[in-house]
Amino acid sequence: MSLRRINPGELSPPTGFSHAVTATGRTMVFLAGQTALDPAGKVVGDTLPAQFEVALGNLLAALAAAGGGPADLARITVHTTDVAAYREHAPELGRLWRSLAGRDYPAMAVVGVVRLWDEEAMVELDGIAVLS
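In this text, all values refer to a predicted model and were calculated from it rather than measured experimentally.

Draft legend 1. Main features of the pattern of salt bridges. Following the criterion strictly, the structure yields 1 salt bridge and no others. The salt bridge partner of Glu119 is Arg115, with a shortest N-O separation of 3.9 Å. A relative accessible area of 63% means that Glu119 is categorised as exposed.

Next comes the structure, spelled out in structure tokens:
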């Protein structure tokens, strides 16, 4: 499997994402949206960063169960109920990403939503990975 991250010089420098990712491999993994649910199905974390950390951990656990790891992520979509809070906490969220997923950033989008399935959830992550 090979992921190539592309960040053209004529675009603004990416921070915490790649502008484009090409992928070659044999297996695609479509990762369902993950929120900050604990194993009992309860939303945990009182802050957006706390919920982001759990949601990312859940996403990576699903990916690991499919045979992949963070470096296999080609695309992530972050859905948040508070884009302003997401921007405010961006440095901390970046540190959390790097501690759990490393420095290979997928193509990424952050989308503001009115609410998520679980009313207490502030953030949900879904993604696509390509395995060899």
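Draft legend 2. Here's a closer look at the pairing of strand β6 (residues 123–131). With 7 of 9 residues buried, β6 is to be regarded as a mostly interior element. For strand β3 (residues 27–34) and β6, the ladder comprises 6 bridges, and the chain directions are antiparallel. Counted as the bridge partner of Gln34 is Leu125 from β6. Pairing of strand β4 (residues 73–80) with β6 involves 7 bridges; the strand directions are antiparallel. Within β6, the residue paired with Val78 across the bridge is Leu125.

Draft legend 3. Molecular detail of the nonpolar core. Counting residues in each nonpolar core, the largest one holds 24 residues, and the members touching the most others are Phe52, Leu63, Leu73, Ile76, Trp97 and Leu125. Elements with a minimum of two residues in this core: β3, α1 (48–65), β4, α2 (83–88), α3 (90–101) and β6.

Draft legend 4. Seen up close, the side chain of Thr77. Structurally, Thr77 is set in strand β4. Contact partners of Thr77, with chain neighbours within four places excluded, come to Ala109, Val111, Glu124, Leu125 and Asp126.

Draft legend 5. Representation of the sheet that holds β4 within the structure. With mixed pairing, 4 strands are arranged side by side in an open sheet as β3-β6-β4-β5. Strands with a single pairing partner mark the edges of an open sheet, and in this sheet they are β3 and β5 (107–112). Adjacent strand axes in the sheet meet at a mean angle of 10°, parallel and antiparallel pairs treated alike. Strand contacts of α1: β3, β4 and β6, with the helix running at about 30° to β6, the strand carrying the most contacts.

Draft legend 6. Main features of the packing of aromatic side chains. As enumerated under the stated definition, the model contains 2 aromatic pairs in all. Taking the centre distance of 6.3 Å and the plane angle of 70° together, the rings of Phe52 and Tyr86 count as edge-to-face. Here Phe52 is found in helix α1, whereas its partner Tyr86 is found in helix α2, with 34 residues between them in sequence. Both residues of the pair, Phe52 and Tyr86, count as buried.

Draft legend 7. Spotlight on α1. End to end, α1 covers 25 Å across 18 residues, agreeing with the expected 26 Å (1.5 Å per residue, within 8%). The set of residues buried in α1 consists of Leu48, Pro49, Gln51, Phe52, Ala55, Leu56, Leu59, Leu60 and Leu63. In a view along the axis of α1, the buried residues occupy a sector of 165°, so they form one face of it. Among the structural elements, β3, β4, α2, α3 and β6 are those in contact with the buried residues of α1. Looking one or two residues beyond α1, the residue adopting positive phi is Gly67, at roughly 95°.

Draft legend 8. Quick look at the environment of Gly68. With respect to the secondary-structure elements, Gly68 resides in the loop between α1 and β4. For Gly68, a relative accessible area of 16% corresponds to the buried category. Along the chain, Gly68 and Met28 lie 40 residues apart, while their C-alpha atoms are 10.0 Å from each other. Setting aside its immediate chain neighbours within four residues, Gly68 contacts Leu63 and Leu131.

About the criteria used
Residues numbered from 1 in each chain as written. Predicted model: local features only at pLDDT ≥ 70, side-chain atom pairs only at ≥ 80, totals over all residues. Heavy atoms only, no water. Salt bridge = Lys/Arg side-chain N within 4 Å of Asp/Glu carboxyl O. Buried < 20%, exposed > 50% of the residue type's maximum accessible area, 1.4 Å probe, protein only. Helix = DSSP H or I, 4+ residues; strand = E, 2+ residues; numbered from the N terminus. Pairing = 2+ DSSP bridges. Core = buried A, V, L, I, M, F, W, Y, C linked by side-chain atoms within 4.5 Å. Contact = heavy atoms within 4.5 Å. Axes fitted to C-alpha atoms, helices over the stretch in contact; angles between N-to-C directions. Phe/Tyr/Trp six-rings, centres within 6.5 Å; stacked < 30°, edge-to-face > 60°. Expected span 1.5 Å × (residues − 1). Arc of directions from axis to C-beta.

These figures come from the coordinates and say nothing about function on their own.
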